[in-house]
There are 2 protein chains.
Amino acid sequence: MQELSSLPLKAEQIKTDTDSLKYYGKDWTTYFDIKASAIVFPESTEDVVNIVKWARANKIALVPSGGRTGLSGAACALNGEVVVSFEKMHRILSFNETDSTVQIEPGVITESLQEFARSKNLYYPVDFAARGSSQLGGNIATNAGGIKVVRYGLTRDWVVGLEVVTGSGEVLNLNNGLIKNATGLDLRHLFVGSEGILGFITQATIKLAPKPPELKVLVFALDQLSSVMKVYSEFKNRCALQAYEMFSEKALKHVLHSTGLPRPLETVADFYVVCEVECASEKAEENIMSVFEGCLENGWLLDGVISQSEVQAKTFWRYREDISEALSVHSPYKNDVAVAISKVPDFIVDLDLVLSQAYPNWEVVWFGHIGDGNLHINILRPEGMTKEQFVAECRKVDEMVFKAVQKQAGSISAEHGVGVTKRSFLTYTRSPEEIEIMKGIKKVFDPDNIMNPGKVI
Amino acid sequence: MQELSSLPLKAEQIKTDTDSLKYYGKDWTTYFDIKASAIVFPESTEDVVNIVKWARANKIALVPSGGRTGLSGAACALNGEVVVSFEKMHRILSFNETDSTVQIEPGVITESLQEFARSKNLYYPVDFAARGSSQLGGNIATNAGGIKVVRYGLTRDWVVGLEVVTGSGEVLNLNNGLIKNATGLDLRHLFVGSEGILGFITQATIKLAPKPPELKVLVFALDQLSSVMKVYSEFKNRCALQAYEMFSEKALKHVLHSTGLPRPLETVADFYVVCEVECASEKAEENIMSVFEGCLENGWLLDGVISQSEVQAKTFWRYREDISEALSVHSPYKNDVAVAISKVPDFIVDLDLVLSQAYPNWEVVWFGHIGDGNLHINILRPEGMTKEQFVAECRKVDEMVFKAVQKQAGSISAEHGVGVTKRSFLTYTRSPEEIEIMKGIKKVFDPDNIMNPGKVI
């Protein structure tokens, strides 16, 4: 790529070797044909501004890239784009004890921020399985959710300031870390979840939470979806609930097989829940026990157990957190959808029926965050079917899934984003008018359409 | 106004008498010349769509109007606009127990929603002095804050869905009450705090919080701003803090004079704090007492008292909540600014110095939400000065105030919005580039500039 010679970066900030193009040109999706032209590594906001100006002058498309743990292809270079990796912008810049805020570069790894918070006796509560490699810039650009949303909300709720470089090369300082700021349209919230179509996130100010008290983890066995919901309501209304994750017996079997863990409970049931509650005092513990026993007496729970140590709590979490890894050998086709919590049972019943009729021999594994209505649907590749055949069939399934989502006014992408994979299905969640408006807004920030073109809209 | 005859509304939905034009044409600001052409009262989203289409066809500007408790003139008709009042759209449409959400029309009064939540054993936590007449539509359009922000955030944090009618007459259903929804730009967050420049809010889905445990209210006397901040940190880090409000001895004196209440504490000091903490158990109460005593021992507190009953708690709140009313006889000139919490002491010292040098004989009364960095500055009209002279002088003060705000990267309007009063000062908080982008976004939603023109940008 000839134009690279005019890019004002040091030689080591530009890579064009085949290995780098492949490595940095993609995310965790596996079925795209990657075609990156170059990878550039800015070290400062100034570098990013220069890259944008160069791209505008040369009409070159840019793809922002973080930890590349995305599942929708938003960070994939598919048409000769230049990938802008934030790997070298990974500093924690400052910490403000009074404000409980930390100013970071976008390349900071989620787990590093969590550890930094702990070192200050605080807590960064956005947490999910990819914590060890996902970067904050990417988390912000996809409004990452995860397992603690029921108690702490999404990434959006922790971003109090952003520095961005727009697609026209302007540096904007959005909200400056303020809590209250009623001075017109809040552009910060447009960038959260924008998947790189408006500009680059070059700095963020993140609020940290107070450290939570001791946490108890409970595992339940239940025979009906309606019970899963009733128990959720009880714990949510009567305890300080941090997480409430459901999975099926099918999911558990895969975890047991893959990890060698013993069953969490003697009782075998259709559904299981891992639930985490704050336990600040003896009285709180008594309360948890009384809610638990009430659910048993009402017949909503078949069986259950409460963690007696931190080690045991960690093990209980593995039954939920190890599902994705346990399934990975079966090349699952993933969907990540959300409906209002109250609509979860109807939705699951509807969709299970449709899928089992259309594909009676397929294994469909459900798990998800009941506490926020987010369900992960994993279809396992039947033995003897090639990957290509399987993906082709799954695309047909997508339409069934999304029709069921639309019926419940849900979201076709709860936390993975739209990227490339959900782009042609966006109308199932957003109206044509909304999509036109999004295009109009993109044009305001990115008049030459250099920012992640072909993604989202 | 001749064009009114073609508006597809019933006769009783249109008012043009002088009293109505005056009454509905303004908010709580007092120094504008009101020039409304008509007031219209939609009863449905369809009515709103028809009004917008009519306005576009006839090139008539519209002003959205809620409870008219605003303090920035955003709901004032100053140039012959037609005011769209949501007074008749005040129904609570549905309640979902599982989701803890309530679907409302924009004309619902804040206090009605709070009472509705209580009737369901839940809690709507956005709370401020105008709760008895402010409407939810207006709260959303200004992202209302108030006294519980330190614990519960702003209005933005409770809006899970919006139905809006854009300036081009399109109905958008934004987010559908979902918790997780990563499907492109979140237009809902653009409408929160948009002050009517993009379109009308015609319906909202609001999340309700669990009912809090018993609350204890404490009143403190302190002699230094640095102590106000230290005590804040102690309570924030070690208790479940709901509110932390500071006011000066000057403010207290006005309240005592106006209400006839006794002093809250024997000790007379430069600063006072009203602080509210959750007290869920005996252990929590012991903890509150131990934090309190620690602050006394460290010399940060000169004196303090903790509420022993709900009645006493309510009285303690009056020392803070009655300030505005107590000052009203002095026609105060109000500013409402915010800086990061950590910058509050420097900011107050800076500004106090500037003001006392420029206006040595003026009485300046400070109070505010320390827990979120939001300060209300009230300058009282000196005796013998006319209202006109006073306002003219205060406009000069504005510049000093806003320069001090800018020095600390703060906000020139923490919760009152921009409207008309802060419009020409917007650059003190938002960059020229941001303002251009806001104008571009407005054009996407409102191509004919019929939505609240002349406001905000």
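Just so it is clear, the structure is predicted and the values come from calculations on it, not from any experiment. (Residues numbered from 1 in each chain as written. Chains lettered and ligands numbered in written order. Predicted model: local features only at pLDDT ≥ 70, side-chain atom pairs only at ≥ 80, totals over all residues. Heavy atoms only, no water.)

### Some points on empty space enclosed by the protein
- This model, assessed by the stated rule, comprises 3 cavities of 30 Å³ or more.
- In this model, the largest cavity occupies a volume close to 140 Å³.
- Along the walls of the largest cavity sit 18 residues, with A:Arg430, B:Asn175, B:Asn181, B:Gly184 and B:Asp186 positioned nearest its centre.
- Put simply, the parts of the chain that give the lining of the largest cavity at least two residues each are β9 (171-174) and α6 (187-191) of chain B.
- A class-by-class count of the residues in the lining of the largest cavity yields 4 nonpolar, 9 polar and 5 charged. (1 Å grid on protein atoms, 1.4 Å probe; cavity = no way out; pocket = protein on both sides within 12 Å on 5 of 7 lines; lining within 4 Å. Points joined across faces, edges and corners; volume = space filled by probe spheres on them. Helix = DSSP H or I, 4+ residues; strand = E, 2+ residues; numbered from the N terminus. Nonpolar A, V, L, I, M, F, W, Y, C, P; charged D, E, K, R; others polar.)

### Some details on the relation of the copies chain A and chain B
- Laying chain A over chain B is done by rotating through 180° and shifting 0.0 Å along the axis; what remains is an RMSD of 0.0 Å. These values place the two chain copies in the arrangement generated by a two-fold rotation axis.
- Interface overlap between copies is the fraction of interface residues in one copy that are interface residues in the other; for chain A against chain B it reaches 100%, indicating a shared surface. (Least-squares fit on C-alpha atoms with pLDDT ≥ 70 in both. Contact = heavy atoms within 4.5 Å.)

### Description of the environment of A:Val405
Residues and elements named next belong to chain A.
- Among the secondary structure elements, Val 405 is positioned in helix α13 (residues 387-407).
- Using a relative accessible area of 0% as the deciding quantity, one classes Val 405 as buried.
- Considering only alpha carbons, one finds Val 405 and Gly 373, 32 residues apart in sequence, at a separation of 11 Å.
- Residues contacting Val 405, with those up to four places away along its chain left out, are Val 337, Ala 338, Phe 347, Gly 410, Ser 411 and Ile 412. (Buried < 20%, exposed > 50% of the residue type's maximum accessible area, 1.4 Å probe, protein only.)

### Considering the interface of chain A and chain B
- If you look at the interface, chain A gives 73 residues, while chain B gives 73 residues.
- Roughly 5,500 Å² of surface becomes buried between chain A and chain B when both sides are summed, with 62% attributable to carbon and sulfur atoms.
- Together, A:Lys180, A:Thr183 and A:Leu185 form the three largest contributors to the area buried by chain A at its contact with chain B, with a combined 16%.
- Of the charged contacts in the structure, one is a salt bridge between B:Asp186 and A:Arg156, with a shortest N-O distance of 3.5 Å.
- For the interface between chain A and chain B, the tally reads 30 residue pairs in polar contact (both at pLDDT 80 or more).
- Every element with two or more residues in the side of chain A that touches chain B is listed here: β9 (171-174), α6 (187-191), α7 (225-238) and α14 (432-445) of chain A.
- No other element matches the 8 residues that α14(A) contributes to the side of chain A that touches chain B.
- Class assignment of the residues belonging to the side of chain A that touches chain B gives a composition of 30 nonpolar, 29 polar and 14 charged. (Buried area = accessible area lost by both parts, 1.4 Å probe. Salt bridge = Lys/Arg side-chain N within 4 Å of Asp/Glu carboxyl O. Polar contact = N/O pair within 3.5 Å; in protein donor to acceptor, adjacent residues only side chain to side chain.)

### Re the side chain of A:Glu276
Residue and element names in this part refer to chain A.
- As for its placement among the helices and strands, Glu 276 is situated in strand β14 (residues 271-278).
- Residue classification places Glu 276 among the buried residues on the basis of a relative accessible area of 5%.
- Glu 276 has contacts with Lys 148, Leu 215, Lys 216, Val 217, Ala 240, Leu 241, Gln 242, Ala 243 and Trp 317, leaving out every residue within four places of it along the chain.

### Concerning the domain arrangement of chain A
- Each assigned domain of chain A is listed here: domain 1 (2-85), domain 2 (92-210), domain 3 (215-324) and domain 4 (330-416).
- Using C-alpha coordinates to define each centre, domain 1 of chain A is positioned 43 Å away from domain 3 of chain A. (Domains from an automatic or database assignment.)

### Some points on the UniProt feature "domain: FAD-binding PCMH-type" (unreviewed entry) in chain A
- Those places that UniProt annotates as "domain: FAD-binding PCMH-type" (unreviewed entry) correspond, in this numbering, to residues 32-211 of chain A.
- In residues 32-211 of chain A, the share of helix is 22% and the share of strand is 25%. The end C-alpha atoms are 41 Å apart. (UniProt positions renumbered as here; feature names shortened; annotations may be inferred.)

### Comments concerning the packing of aromatic side chains
Residues and elements named next belong to chain A.
- If you walk through the whole model with that rule in mind, you get 33 aromatic pairs over all chains.
- Ring centres 5.8 Å apart and planes at 20° place the aromatic pair Phe 247 and Tyr 272 in the stacked group. Residue Phe 247 is found in strand β13 (residues 241-248), and its partner Tyr 272 is found in strand β14; the two are separated by 25 residues along the sequence. Assigned by exposure class, Phe 247 and Tyr 272 land together as buried.
- On the numbers, 5.5 Å between centres and 50° between planes, the contact of Trp 362 with Phe 390 is tilted. (Phe/Tyr/Trp six-rings, centres within 6.5 Å; stacked < 30°, edge-to-face > 60°.)

### Regarding the pairing of strand β17 (residues 363-369) of chain A
Residue and element names in this part refer to chain A.
- Across the 7 residues that make up β17, a large majority, 6, are buried.
- Here 3 bridges tie β13 to β17, and the two strands are oriented antiparallel to one another. When the sheet's bridge partners are listed, Glu 245 is paired in β17 with His 369.
- One ladder, built from 7 bridges, connects β17 with strand β18 (residues 374-380); its direction is antiparallel. By the bridge assignment for β18, Phe 367 is matched with His 376.
- Here β17 hands over to β18 after 4 residues, with Gly 373 in that stretch at a positive phi of 75°. (Pairing = 2+ DSSP bridges.)

### Some remarks on the environment of B:Asn143
Residue and element names in this part refer to chain B.
- By secondary structure assignment, the location of Asn 143 is in the loop between α4 (136-142) and α5 (149-152).
- Separated by 48 residues in the primary sequence, Asn 143 and Phe 191 place their C-alpha atoms 9.2 Å from one another.
- Not counting chain neighbours up to four residues away, the residues in contact with Asn 143 comprise Leu 154, Thr 155, Arg 156, Val 192 and Gly 193.
- There is a polar contact of 2.8 Å between the side chain of Asn 143 and the backbone nitrogen of Arg 156.

### With respect to the nonpolar core
- Core analysis: the largest hydrophobic core is formed by 88 residues, its most contacted members being A:Ile206 and B:Ile206.
- Other than its neighbours up to four places away in sequence, A:Ile206 contacts A:Ser100, A:Thr101, A:Val102, A:Ile104, A:Leu113, A:Tyr124, A:Leu136, A:Ile140, A:Trp158, A:Val159 and A:Val160. (Core = buried A, V, L, I, M, F, W, Y, C linked by side-chain atoms within 4.5 Å.)

### Observations regarding the sheet that holds strand β2 (residues 38-40) of chain A
Residues and elements named next belong to chain A.
- Spatial strand order, β1-β2-β4-β3: 4 strands in an open sheet with mixed pairing. Each end of this open sheet is capped by a strand with a single partner; those strands are β1 (14-15) and β3 (62-65).
- Pairing of β2 with strand β4 (residues 82-85), which is carried by 3 bridges, proceeds in the parallel orientation. What sits directly across from Val 40, in β4, is Val 84.
- Sheet contacts for helix α2 (residues 45-58): β2, β3 and β4; angle to β3, the most-contacted strand, approximately 155°. (Axes fitted to C-alpha atoms, helices over the stretch in contact; angles between N-to-C directions.)

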